[in-house]
Amino acid sequence: MAENIYLFVPNIIGYVRILLALLSFWLMPHSPVGAITCYGISTLLDSVDGHAARLLDQCTRLGAMMDMLTDRCSTFCLMFTLCIFYPSYAFIFQVSAALDIASHWLHLHSVTLQGAGSHKQIDQGGNSILRYYYSNKAILFLMCVGNELFYMSLYVLYFTEGWMVPVVGRFSLRPILWACLPVAVAKSGVNVVHLVSAARTLVAIDHVERARGGGGCEGKGE
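Because the structure is predicted, anything quoted here is derived from the model rather than measured.

Peer 1: Please explain the packing of aromatic side chains as it appears in this structure.
Peer 2: Under the defined criterion, the tally for this structure stands at eight aromatic pairs. Residues phenylalanine 85 and tyrosine 158 carry aromatic rings whose centres are separated by 3.9 Å and whose planes lie at 5° to one another, so their mutual orientation is stacked. Separated by 73 residues along the polypeptide, phenylalanine 85 in helix 3 (residues 61-85) and tyrosine 158 in the loop between helix 6 (137-157) and strand 1 (162-165) bring together distant segments of the chain. A residue is classified by how much of its surface remains accessible, and phenylalanine 85, at 13% relative accessible area, is buried. Ring pairs connect the aromatic residues Phe85, Tyr86, Tyr155, Tyr158 and Phe159, which therefore count as one cluster.

Peer 1: Before we go on, may I ask you to explain the packing of helix 2 (residues 32-55) against helix 3 in this structure?
Peer 2: Think of two packed helices as two axes; the pair is described by the angle between the axes and how far apart they sit. Orientation of helix 2 relative to helix 3, taken along the N-to-C sense of each, is 160°, at an axis distance of 11 Å. One element, helix 2, and the other, helix 3, form an angle in the roughly antiparallel class. Viewed along their axes, helix 2 and helix 3 form a crossing whose handedness is left-handed. When helix 2 is examined against helix 3, the residues Tyr39, Ser42, Asp46 and Asp49 are found in contact with a partner set consisting of Asp67, Thr70, Asp71, Ser74, Thr75 and Leu78. The residue makeup of the contact of helix 2 with helix 3, split by class, is two nonpolar, four polar and four charged.

Peer 1: Would you mind showing me how to read the environment of tyrosine 15 here?
Peer 2: Tracing the chain through its elements places tyrosine 15 in helix 1 (residues 9-27). Overall, the relative accessible area of 29% leaves tyrosine 15 in the partly exposed class. Here the alpha-carbon distance between tyrosine 15 and aspartate 67, two residues 52 residues apart in the chain, equals 9.6 Å. In this structure tyrosine 15 touches Tyr6, Leu62 and Met66, once residues within four positions along its chain are discounted.

Calculation rules
- Residues numbered from 1 in each chain as written.
- Predicted model: local features only at pLDDT ≥ 70, side-chain atom pairs only at ≥ 80, totals over all residues.
- Heavy atoms only, no water.
- Phe/Tyr/Trp six-rings, centres within 6.5 Å; stacked < 30°, edge-to-face > 60°.
- Helix = DSSP H or I, 4+ residues; strand = E, 2+ residues; numbered from the N terminus.
- Buried < 20%, exposed > 50% of the residue type's maximum accessible area, 1.4 Å probe, protein only.
- Axes fitted to C-alpha atoms, helices over the stretch in contact; angles between N-to-C directions.
- Parallel < 35°, antiparallel > 145°, perpendicular 65-115°, else oblique.
- Left-handed = near helix turned anticlockwise from the far one by under 90°.
- Contact = heavy atoms within 4.5 Å.
- Nonpolar A, V, L, I, M, F, W, Y, C, P; charged D, E, K, R; others polar.

Encoded structure:
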């Protein structure tokens, strides 16, 4: 009897992530606490499903693709909200969101053509920055979390400077915002590396295909 991949534990976690992300989108215009709670939990579950997949030997292409799409769509929708809240900075958010989506899509497409099982598999001949980025789990986690915290802080600061916390007093989000700013900039830099590296890979594949006489435009969408 075939396994029901749809019901693998990591994929179920992925469905929960999607539901939480959708709920956060609905709450974003008017309920910052609920929105940021749902968004934050969805983001943190990104690391949980990966561990569950490896622990239970339930790694699937569906789960990997769902993971990346949830990440990209969540960030994009948050950026869309920030464009509304901070119209003077809309162009920066638009470019950042476009770079995030374009770089990851092109990178995924290039590694798939190379036969890699995951977008995180960078061979020895690949870009050294991306190889270090994906092989060092601590760096990957800190970069992703720091990037999300920057934009999440911007979102919450539209409504309030912070909250009163028992014993601690007023908890301000601005230190988190400024601390995570370099991480967000670095993450955009990594996205540029993704884009350039993937483009070079595709050009190399094009050269090989054209040398074999398969460089026509049929079926290539041009």
